[in-house]
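Architecture and fold: a report
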Number of protein chains: 2
Amino acid sequence: MTRRATIKDVAVAAGVSRSTASRALTGRGYVATDVRERVLAAAENLRYVPDATARYLKQQVSLSLGVLVSDLRNSFYARLAAGVGQAARTQGYSLVLAEDGGSAEAQVEAAETFVATRVAGVVVTPVSADVTTYLSRHRIPVIEVDRQFAAGACDAVVVDNQTASQQVIEDLIGLGHRRIALFIDETTWTTGRERHAGYQAALAAAGIPLDPDLVVSSGWDVDAARSAATALLRSDERPTAVFAANNVLAEGVWRAANDLGLRIPDDVSLVSFDDAPWMSLVTPGLTAVAQDEAALGAAAVRRLLERIAEPQAAPVTVMMSTRIVHRESTRAVRP
Amino acid sequence: MTRRATIKDVAVAAGVSRSTASRALTGRGYVATDVRERVLAAAENLRYVPDATARYLKQQVSLSLGVLVSDLRNSFYARLAAGVGQAARTQGYSLVLAEDGGSAEAQVEAAETFVATRVAGVVVTPVSADVTTYLSRHRIPVIEVDRQFAAGACDAVVVDNQTASQQVIEDLIGLGHRRIALFIDETTWTTGRERHAGYQAALAAAGIPLDPDLVVSSGWDVDAARSAATALLRSDERPTAVFAANNVLAEGVWRAANDLGLRIPDDVSLVSFDDAPWMSLVTPGLTAVAQDEAALGAAAVRRLLERIAEPQAAPVTVMMSTRIVHRESTRAVRP
DNA sequence: CTGAAAGCGCTTACAG
DNA sequence: CTGAAAGCGCTTACAG
């Protein structure tokens, strides 16, 4: 047999109608026990695998979830996607995955695919409000993860960026640092804005005047971060500590310090937001604000499925906790 | 309007039949220019997005590819998946992604989802021949990547593990090493078998007798690798160099060396198969056999699409090149 | 408890 | 060049 078995084949083999075969196979509706068994045996025999495409068409919704992240090569997104996949699978959903490379247009393109394939919902790390707008217009539930562009319009799973950042800066201040640089790629997303706010709040609380020169902006990739960091660390007024607002920026600073022959933490202390795997492998290990990406992903799926079940409920923002992992990349400033 | 627009809505709005609307929208078949424009305008207006589910059902194939890897948290798989996604998107395919955590049953389960959703083809890093058997039985083209379990029965994209491993060991021998350990998690997959063979070949060529105690097997995760490596490095007969057969094992060795206070390369040289991102961040940087994961993924998609176009062609195995990245984790053995 | 019929939203020969 | 009709493989009220 070259053709794939359909429910009709199963029905014929079991000597019943397609309706009955369907009821036996799905478990919905009445079927006599012996009939059910006959149908299941026939299905087994024919290696019948229901065509999800046909089922979805009939039911108008699929058992798959869309996941849209910026870049799988960044461990943060890879782990997040892994967490989403894990949780989705547990709930019987499969994953349609897309990467956007940080582009808003690419996000909308991916979103078109999601609506075309009728995914049941979408988990996204947004780069603008466009995806959410687009998907919402097509009545597809969305949940924003990591940052929010559509707060109040859809669910979200985030962490308290400000508190964590403030804590980390306070620790640095406690070590005697006064010239603390914030190394950051954007301050327009909620992540950047809040991490910036935490930085400012900690300085303000300690009565340290804000020095705008110490808030250094960088491009978003490692190469850009590396050169921006090189400029920063080479300046006469080099900071005694740097807070890198994410793992890519931290990598840039790390590489720049190596390039310049600066020792961490002796010449400069370094703290990162996001705890990438490499940070526990290098010497000294990097002190970092760790997020549990798998937990973020799982929470996103959980919330998304609740939303699917109850489309009219008010949007909720789930706040996940962070954890500061103290390693050896900071030290007291020399008196 | 609360309902999603269908092609019927578009047809009505444009004042044509559904057939004509379909021809205009898909670009297949004749449509008068002005009619086409009217249809497209109507579609735009109604924010019409064709239901891929219905299209697939009718055409009996989808424009999506299945990707099945072990673990997205391993940078090798994450980058491979990214490469596949990139290439797939370029060709108009979307990605259904699944992780198997290294389990053969999980692979078959994922494969069931793939056949249910009628993916056009599957890219897999197999852990047994089961997936390929299962998918082939359902007439779904498969391509194995990284290792082969169904050589001759389906396409594959691999690297020349043996040659690369042999080269790396020869380099070590050239540095005067004689007690070189192979640290490996399995020798039943093609990857492990070939890397092992390369190790043996290099020793044989140099007339160095094989010492079975120097082929050290380890569990597959970092914790297992770390403790196995600790035992290895702590032994009286400690090797002067270690060749870790993949990036996870290399991480285990790295951590074990740190735990024990051993310096690389002074106390022991270390070389890895797979060049993970952290290997260029640590000091000393790790010498490693690098694979271009994005290129592997792209080649897999290319070959898979050829196979889809020509299902009867003989299976081909595509061999990708590797590159040895020399860093500072090896040194000449003390005389 | 079972089956005939309708229908999900498309595409595609085919007749005109 | 266009439209009516059939059909992809399911599920699901509904009648019996």
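Residues numbered from 1 in each chain as written. Chains lettered and ligands numbered in written order. Predicted model: local features only at pLDDT ≥ 70, side-chain atom pairs only at ≥ 80, totals over all residues. Heavy atoms only, no water.

In the annotation of an unreviewed UniProt entry, the entry for chain A reads LacI family transcriptional regulator, and the organism field reads Jiangella rhizosphaerae.

In terms of domains, chain A is made up of domain 1 (7-50), domain 2 (59-159 + 293-322) and domain 3 (161-291). Placing a centre on the C-alpha atoms of domain 1 of chain A and another on those of domain 2 of chain A gives a separation of 36 Å. (Domains from an automatic or database assignment.)

Bring the parts together and some accessible area is lost; that lost area is often taken as the interface size. Counting residues at the interface gives 46 residues for chain A and 47 residues for chain B. The largest share of the area that chain A buries against chain B comes from Arg4(A), Arg118(A) and Leu281(A), three residues that together contribute 18% of it. Our count for the chain A to chain B interface comes out at two salt bridges. Per-class residue counts for the side of chain A that touches chain B are 23 nonpolar, nine polar and 14 charged. (Contact = heavy atoms within 4.5 Å. Buried area = accessible area lost by both parts, 1.4 Å probe. Salt bridge = Lys/Arg side-chain N within 4 Å of Asp/Glu carboxyl O. Nonpolar A, V, L, I, M, F, W, Y, C, P; charged D, E, K, R; others polar.)

Next up on the list: empty space enclosed by the protein. Unfilled space is identified by rolling a water-sized probe across the atoms. Applying the stated rule across the entire model yields five cavities of 30 Å³ or more. Quantified by volume, the largest cavity comes out at close to 200 Å³. Mapped onto the lining of the largest cavity, the elements with two or more residues apiece are helix H4 (52-59) and strand E2 (94-99) of chain A together with helix H4 (52-59) and strand E2 (94-99) of chain B. No other element matches H4(A), which puts three residues into the lining of the largest cavity. Class assignment of the residues belonging to the lining of the largest cavity gives a composition of six nonpolar, ten polar and no charged. In this model, the second largest cavity occupies a volume close to 40 Å³. Tyr56(A), Leu57(A), Gln60(A), Val61(A), Arg118(A), Arg4(B), Asp51(B) and Thr53(B) together form the lining of the second largest cavity. (1 Å grid on protein atoms, 1.4 Å probe; cavity = no way out; pocket = protein on both sides within 12 Å on 5 of 7 lines; lining within 4 Å. Points joined across faces, edges and corners; volume = space filled by probe spheres on them. Helix = DSSP H or I, 4+ residues; strand = E, 2+ residues; numbered from the N terminus.)

Right, let's talk about the protein's contact with DNA strand D for a bit. Lining the immediate surroundings of DNA strand D are 29 residues, of which Ile7(A), Ser22(A), Arg55(A), Ser19(B) and Ala32(B) lie closest. Taking the atoms of DNA strand D that fall within 4 Å of the protein, sugar and phosphate contribute 56% of them. Between DNA strand D and Arg18(A) there is a distance of 3.2 Å, counted from a base nitrogen to a side-chain nitrogen or oxygen. Measuring from a base nitrogen of DNA strand D, one finds a side-chain N or O atom of Lys58(B) at 3.5 Å. Looking at the surface near DNA strand D, the elements with two or more residues in it are helix H2 (18-26) and H4 of chain A together with helix H2 (18-26) and H4 of chain B. Grouping the constituent residues of the surface near DNA strand D by class yields eleven nonpolar, nine polar and nine charged. (Near = heavy atom within 4 Å. Polar contact = N/O pair within 3.5 Å; in protein donor to acceptor, adjacent residues only side chain to side chain.)

All names here are of chain A. Across the five residues of strand E6 (residues 180-184), five count as buried, placing the element largely inside the fold. Examined bridge by bridge, E6 and strand E8 (residues 241-244) share four bridges and lie parallel to one another. Among the inter-strand pairings, Leu-182 is bridged to a residue of E8, identified as Phe-243. For E6 and strand E7 (residues 215-217), the ladder comprises three bridges, and the chain directions are parallel. In the strand pairing of E7, Leu-182 is matched with Val-215. With respect to chirality, the unit in which E6 leads through helix H9 (residues 190-205) into the neighbouring parallel E7 is right-handed. (Buried < 20%, exposed > 50% of the residue type's maximum accessible area, 1.4 Å probe, protein only. Pairing = 2+ DSSP bridges. Right-handed = clockwise from strand over helix to strand, strands pointing away.)

To continue, consider the protein's contact with DNA strand C. Looking at DNA strand C, there are 29 residues lining it, with Ser19(A), Val35(A), Ile7(B), Ser22(B) and Arg55(B) nearest. Backbone atoms, meaning sugar and phosphate, make up 56% of the atoms of DNA strand C lying within 4 Å of the protein. Here a base nitrogen of DNA strand C and a side-chain polar atom of Arg18(B) are 3.2 Å apart. Here Ala54(B) contributes a backbone N or O atom positioned 3.3 Å from a base nitrogen of DNA strand C. Mapped by element, the contributors of at least two residues to the surface near DNA strand C are H2 and H4 of chain A together with H2 and H4 of chain B. Within the surface near DNA strand C, the residues separate by chemical class into eleven nonpolar, nine polar and nine charged.

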